[in-house]
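The primary structure of each chain is shown beneath.
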Amino acid sequence: MPISLPDVRGKRRAWVAKLLAFCLMMFTSIALNAAEKPIAIGLTPVFLDEQLSFLTRWQGYLERKMGHPVRFVRRQSYREITELLLNGELDAAWLCGFPYIQHRDKLKPLAVPLFNGEPLYRSYLIVSSTDTVTESIDDLRNRIFAFSDPNSNSGYLVTQAALKSQGQSANSFFRRSFFTWSHRNVVKAVADGLADGGAVDGYVWEALAKVDPELTSHTRVVQQSAQFGFPPFLTRTDGHKNALALRKALISMSADPEGQILLRTLQLDGFTLVPPGLYESIATLAEQL
Amino acid sequence: MIPLLDDFSYRIKVPISLTLAILISGVVITGVLIARGAEDLRDELYDNAQDVGGVLVNTLVPTMRHDDLWQAYQILNGAGAASETVSQRMLVVIDLDGLVYVSNNPRSFPVNSRPAEFDPEFARLIANIKVDSPLTPQLYELRDDQAIYVTLPLMDDGVRIGLLIMGYPKSLLTPKLYELYWRVTLSTLAVIALLIPVGWQIGKRMVAPLMHLSDSMALIGKQPLQAINYEIPQRKDEIGRLGMQFQELLQALSEKERFEIQMIASERLAAIGRVAAGVAHEINNPLGGMMNAINTFKHYGQADPLTEKTASMLERGLEQIRDTVSVLLVQARPESHPFTQKDLEDIATLLKSDARKAGVTLNFSADGLTEAPLPSTPIRQILINLGLNAIRACTRGKEVVCQVQLKPNDLVILTENPGAEIPSEQMGQLFEPFGHDSPGGNGLGLWVTYQIVQQLKGEIAVLSEEGITRFHIHIPISNKNGVMADG
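As a starting point, this report considers the structure included with it. Keep in mind that what you see is a predicted model, and the values were worked out from it rather than measured. (Residues numbered from 1 in each chain as written. Chains lettered and ligands numbered in written order. Predicted model: local features only at pLDDT ≥ 70, side-chain atom pairs only at ≥ 80, totals over all residues.)

Describing the overall build of chain B
And step 1. If you tally the helices and strands in chain B, you get twelve helices and twelve strands.
And step 2. Per-residue burial over chain B gives 24% buried out of 487 residues.
And step 3. Taking the contacts inside chain B whose residues are at least 6 apart along the sequence as the reference set, 64% of them involve residues at least 24 apart. (Helix = DSSP H or I, 4+ residues; strand = E, 2+ residues; numbered from the N terminus. Buried ≥ 20, exposed ≤ 12 C-beta atoms within 10 Å, placed from the backbone. Contact = placed C-beta atoms within 7 Å.)

Things to note about the sheet that holds strand E2 (residues 70-74) of chain A
Residue and element names in this part refer to chain A.
And step 1. If you walk across this open sheet you meet the six strands as E2-E1-E3-E12-E4-E13, and the pairing is mixed. Looking at strand neighbours, the two that pair on one side only are E2 and strand E13 (270-272), the edges of this open sheet. Strand-to-strand twist in this sheet, taken as the mean axis angle between neighbours without regard to direction, amounts to 25°.
And step 2. Where strand E4 (residues 107-114) meets strand E12 (residues 233-236), four bridges bridge the pair, whose relative direction is antiparallel. What sits directly across from Ala111, in E12, is Phe233.
And step 3. Seen against the sheet, helix H4 (residues 78-87) touches strand E1 (39-43), E2, strand E3 (92-94), E4 and E12 and runs at an angle of roughly 155° to E1.
And step 4. Sheet contacts for helix H11 (residues 241-251): E1, E3, E4, E12 and E13; angle to E4, the most-contacted strand, approximately 10°. (Pairing = 2+ DSSP bridges. Axes fitted to C-alpha atoms, helices over the stretch in contact; angles between N-to-C directions.)

Quick notes on the interface of chain B and chain A
And step 1. Taken together, the contacts link eight residues of chain B with twelve residues of chain A.
And step 2. Looking at the side of chain B that touches chain A residue by residue, the class counts come to six nonpolar, one polar and one charged. (Nonpolar A, V, L, I, M, F, W, Y, C, P; charged D, E, K, R; others polar.)

Examining helix H12 (residues 445-455) of chain B
All names here are of chain B.
And step 1. Most of H12 is tucked away, with nine of its eleven residues classed as buried.
And step 2. All buried positions along H12 are accounted for by Gly445, Leu446, Trp447, Val448, Thr449, Tyr450, Gln451, Ile452 and Val453.
And step 3. On its buried side, H12 packs onto helix H7 (238-300), helix H8 (305-328), helix H10 (376-393), strand E11 (459-465) and strand E12 (468-476).
And step 4. Positive backbone phi, approximately 60°, marks Lys457, located one or two places after H12.

Quick look at the sheet that holds strand E6 (residues 123-128) of chain A
All names here are of chain A.
And step 1. Read across the sheet, five strands follow the order E8-E7-E9-E6-E10 without closing on themselves; strand pairing throughout is mixed. Of all strands in the sheet, those with a lone pairing partner are strand E8 (176-179) and strand E10 (219-224), marking the two edges. Taken over all neighbouring pairs, the strand axes of this sheet differ in orientation by 25° on average, direction set aside.
And step 2. When E6 meets strand E9 (residues 197-201), the two strands line up antiparallel, connected through five bridges. Bridge pairing links Val127 to Gly197 in E9.
And step 3. In the packing of helix H6 (residues 153-165) onto the sheet, the strands contacted are E6, strand E7 (144-147) and E9, and the crossing angle to E9 comes to about 120°.
And step 4. Each of E6, E7, E9 and E10 is contacted by helix H8 (residues 183-192), which is oriented at about 155° to E9, the strand it contacts most.

That's the geometry; what it means functionally is another story.
Given below as structure tokens:
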């Protein structure tokens, strides 16, 4: 595609130098491959990423809006997606504010979702619905606790920081704690009784309450944390034009009828530019660790 | 057997015994099948545990190595969710300290809890598990437990890191067992329902000949022997033998009966003979006097014609009495000359003339007989009586047979004529004097014949059936009957 040619010219020269050592015939095909290479977007369980039919529709929508193939990439943990993004194997990723804070020098936010009209969310402390006694994290001392991901703000950092302020840590405070690698699994672990309590993304819990009310009905929200900046779409600071195209496509979703349907499934109001200082509160928590 | 059953008929006992045998077999087979089925179910469960356990151990060990509790939980849940039955399966991973690492039912077996402390069944199970149990799955089925347990050690690079316990609620097996009971019981019942009528029929058939024998035996003494219609069963078993013996008994009985009837008849005839002889003697003496008197009167008396006529009438009447009495006074007196061919020729001539008058043919034969050592007069009397009877009874135009045969030990006389049969009610009194209608005879011929045969110690038999009447006489040749020399 001609659009991408000027931007990658410098790189292509290096490519060509290497390729000359091989075969001249390969040149055209490699050049074409580079041109057609889809935009790779990393996804993490900051939303209900298990709805495959929705992902297919969203992917198609973004491809049409951007005029470029799109590929969603999912991995088991935030860390793997973060590393892929930092390595340059991903063009963008929907990650938590905590990894952004950890790699603020190399990553920059592209856009942030609007949840209930604001780019903000909370962390929920949940227990089993059969547990009618627990009123705060203090009641869960020496119990089994489920976190979502060690790089999650709402599913780990918020609780860990609260414990830290009492001079404790997850390992010392709980009898046993473990990671389920997604917010939904935290809800399931608590609902099943595998864990006595869990830290979960408030947005995911609310969305789940609409999609799978049976599951959330087995849990009870004990505490809601203060508000934090919603998990943003991130790209590298040296991110190129594709990232900007993605930002444009995301932000314009709320103005597009098809985009609105997709947003309704996501139970979000839209995407917006990231206001300055949105993730400072997460940075403050991270500093406490 | 219950004493009460002894009184029941074999008609019921045998089919009931067969039915009982079928029922008992049915119950035993049902029991065996159910026991076998229950064992199969247990084997199935063990196989399932072995299969699932093998997979679980392989996938659980790496997650435990990385201490990934959630992943371990997912594995157990995935294994448990395959079907509703399997989802009731309890899966617990216990670490080396006896604490729950993870279970597929965290509410019953919470993470890091010590199940031996709150679950007495588990405490029993753990007490039963040998510390260095082999690496193969071990089945623990304790009687009071709610579940059957299969345990499998979790090994990481040859080091024991925990134990997988799979618990199958016994209630899981109950509906299957129940279904098994039903299926086996129903099919057994169906087979029994099919077999019982067959068994009942076979029993009835087995007993039928015995019943027939018993019923026939019960008739003896109640019905005439001829009326007992017993068929000998065509078989060589005990019943067949009983039947043969019963048949022989029946024959012996009818022989005896016939013999008794003959005895009575001959005794009666003998009694009649004695009376007749007695009466004849008593009449003979005065009769002789009276006839002498009349004779003398006719020779020497001067009588008017009326008296002459009266005397003649009296004489004729007395002669008739003498004739009758002399017939009644049958006496086969031994005579001087034996029965010879000459006698035969006389008889043949006499009978032939009668036969011609009656319009029948006479087939008279006495092959090779020249002389028999028997007195001639009684034999002649027998032959003439029977011969004349036969000619008289013979259908016109037919043939009368009269045969005389000399055998080494006896003389056989046979007369035979076609014609009306002797009515069976007359048969009893055939040889009695005046015992039957006798057209053209004096009614004493057969009685005389009988008396002669008796006196010669012979036998007389009569058979009258299918339009033929046959008289058969045997007279033994003995010294006693022999001809006295000039006596």
